[in-house]
Amino acid sequence: MTENIECCENREIHPELLQRVEAAIPDEEQLCDLAELFRVFGDSTRIRILFVLFEAEVCVCDLAEELKMTVSAVSHQLRILKTNKLVKCRREGKSVYYSLSDEHVRTIIAQGMEHITE
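Conventions used here
Residues numbered from 1 in each chain as written. Predicted model: local features only at pLDDT ≥ 70, side-chain atom pairs only at ≥ 80, totals over all residues. Heavy atoms only, no water. Axes fitted to C-alpha atoms, helices over the stretch in contact; angles between N-to-C directions. Helix = DSSP H or I, 4+ residues; strand = E, 2+ residues; numbered from the N terminus. Left-handed = near helix turned anticlockwise from the far one by under 90°. Contact = heavy atoms within 4.5 Å. Nonpolar A, V, L, I, M, F, W, Y, C, P; charged D, E, K, R; others polar. Pairing = 2+ DSSP bridges.

1. A word on the packing of helix α3 (residues 44–55) against helix α4 (residues 60–67)
Piece 1. In the contact formed by α3 and α4, the axes pass within 11 Å of each other and the chain directions differ by 115°. Between α3 and α4 lies a crossing of right-handed hand. Residue-level inspection shows Arg 48, Ile 49 and Val 52 of α3 in contact with α4, the latter providing Leu 63, Glu 66 and Leu 67.
Piece 2. Here the contact of α3 with α4 is built from residues that sort into four nonpolar, no polar and two charged.

Structure below.
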């Protein structure tokens, strides 16, 4: 079943409004970067990793165990998250521990959860 989209009966352009909108829209490079960031959030495995990291700083081995995945598969997802500045890591001896990069990551996920549960 296709829902019809409401449209204007009279086609009229509002130049003042469009000027204000155009001045506020980020440039194309920023829009592409933002779209890429949201693509990263588009994978449920990466979201699961982020939820684990909400609770604690953990090593790759613990993440793999918790998520029932191989260390290699988790490492691949962590590389994507790190490249997009969503997670950070620190080395302690022979172990590498991952955590959320900052509170922005927690806020993005929390607002997404709030949106889907309304």
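2. Quick look at the sheet that holds strand β1 (residues 58–59)
Piece 1. Sheet architecture is open: three strands sit in the order β1-β3-β2, paired in antiparallel fashion. Each of the sheet's edge strands pairs with one partner strand only, and the pair in question is β1 and β2 (87–92).

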